[in-house]
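# Results of the structural survey
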Amino acid sequence: MSDYSPQQLLMEVIEPQYMDTMDRRYMTNLRLSRLINKNAQVENLVTSSARRYNEDVVQQLRSFRFAEDRLNVGIYGVTAAGKSYFMSAFCREACRLNYRCVYIDYCDLLDELLILSRRDNLERYRKRLKYYARLQLLFIDDFAISRYSEDGIKILYHLIKTRTDLGTSTMFTCQYAPSEWGKQLSDEEGCYGKLDGIRRRLTTGYTVYIERL
């Protein structure tokens, strides 16, 4: 230790404490994110004999500049293409980088908000909607997998619009192209304007295509 400068001695003391703090923060973020597949890694998101990515986009996303630029990310592919793994890897990385985020299934998200909106105490619904709207990153799996009534689409529109206004980013997986969302999200005529607003806002950003080989 006698050969160490004062600055080096200080780093010897501070660095382990700093690393311990970052590890504990990462584990807390991971727990609060509700992520199920905690083993997914962004390093594995490369083209192989099983699947192909548009890798130039994937590399751009790994910097998380999209979150700083307040942009969204859509991940498209057929069933079992690896969309959920892709998004799980990014959610895990977001936790490591200390982003406040949640990983949630599309139906679980809308069902939760619909149930709260139909109860007498609307304050809980408003608080929950505000919670999801303010998350730095919201990861939605299987977007548009089920159709909803006008009430459900109204909630979705309000959530996406508020997130856009606040400048928070959304990453989502989907089997359907945005041009198909109109019939996949809802078939009620009163939803058309809201559906267009959802599509316009949510597709502002990056697009990832995963091709199963």
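What this report covers is the structure whose coordinates are included nearby. (Residues numbered from 1 in each chain as written. Predicted model: local features only at pLDDT ≥ 70, side-chain atom pairs only at ≥ 80, totals over all residues. Heavy atoms only, no water.)

### Focus: the overall build of the protein
Scanning the protein from terminus to terminus reveals nine helices and six strands. Considering the protein as a whole, with its 213 residues, one finds that 41% of them fall into the buried category. For the protein, long-range pairs separated by at least 24 residues make up 85% of all intrachain contacts whose partners lie at least 6 apart in sequence. Put simply, the protein shows about 11,800 Å² of open surface, and 48% of that area lies on carbon and sulfur atoms. (Helix = DSSP H or I, 4+ residues; strand = E, 2+ residues; numbered from the N terminus. Buried < 20%, exposed > 50% of the residue type's maximum accessible area, 1.4 Å probe, protein only. Contact = heavy atoms within 4.5 Å. Areas by Shrake-Rupley, 256 points an atom, 1.4 Å probe, with all protein chains shown as cover.)

### A closer look at the pattern of salt bridges
Tallying each qualifying case throughout the model produces eight salt bridges. With its nearest N and O atoms 2.7 Å apart, the salt bridge here joins Glu211 to Arg52. Placement of Glu211 in strand β6 (residues 205-212) and of Arg52 in strand β1 (residues 51-53) is noted, with a sequence separation of 159 residues between them. With relative accessibility at 40%, the residue Glu211 sits in the partly exposed group. A salt bridge links Arg128 to Glu112, with the nearest nitrogen and oxygen atoms 2.7 Å apart. Of this pair, Arg128 sits in helix α6 (residues 122-134) while Glu112 sits in helix α5 (residues 106-117), and the two are 16 residues apart along the sequence. (Salt bridge = Lys/Arg side-chain N within 4 Å of Asp/Glu carboxyl O.)

### Digging into the environment of Leu166
Checked against the element boundaries, Leu166 lands in helix α7 (residues 150-166). Taking the C-alpha atoms as reference points, Leu166 and Gln136, separated by 30 residues in sequence, lie 9.4 Å from one another. Sequence-distant contacts of Leu166, that is, excluding residues within four places in its chain, are made with Arg70, Ala133 and Arg134.

### Brief notes about a positive patch on the surface
Together, Arg100, Lys127, Lys130 and Arg134 line one region of the surface with positive charge. Relative to the helices and strands, Arg100 is located in the loop between α4 (83-96) and β3 (101-105). (Patch = residues over 30% accessible without salt bridge, like charges linked within 9 Å, V, L, I, M, F, W, Y side chains within 5 Å. Lys, Arg positive; Asp, Glu negative; His and termini not counted. Charge placed at Lys NZ, Arg CZ, Asp CG, Glu CD.)

### Description of the packing of α6 against α7
Relative placement of two packed helices is described by the angle separating their axes and the distance separating the axes. Packing of α6 against α7 leaves a shortest axis separation of 9 Å and a crossing angle of 45°. When the axes of α6 and α7 are compared, the pair comes out oblique. Two packed elements cross with a definite hand, and for α6 against α7 that hand is right-handed. The residues of α7 that touch α6, namely those facing Tyr125, Leu129, Tyr132, Ala133 and Arg134, are Ile155, His158, Leu159, Thr162, Arg163 and Leu166. Residues of the contact of α6 with α7, tallied by class, amount to seven nonpolar, two polar and two charged. (Axes fitted to C-alpha atoms, helices over the stretch in contact; angles between N-to-C directions. Parallel < 35°, antiparallel > 145°, perpendicular 65-115°, else oblique. Left-handed = near helix turned anticlockwise from the far one by under 90°. Nonpolar A, V, L, I, M, F, W, Y, C, P; charged D, E, K, R; others polar.)

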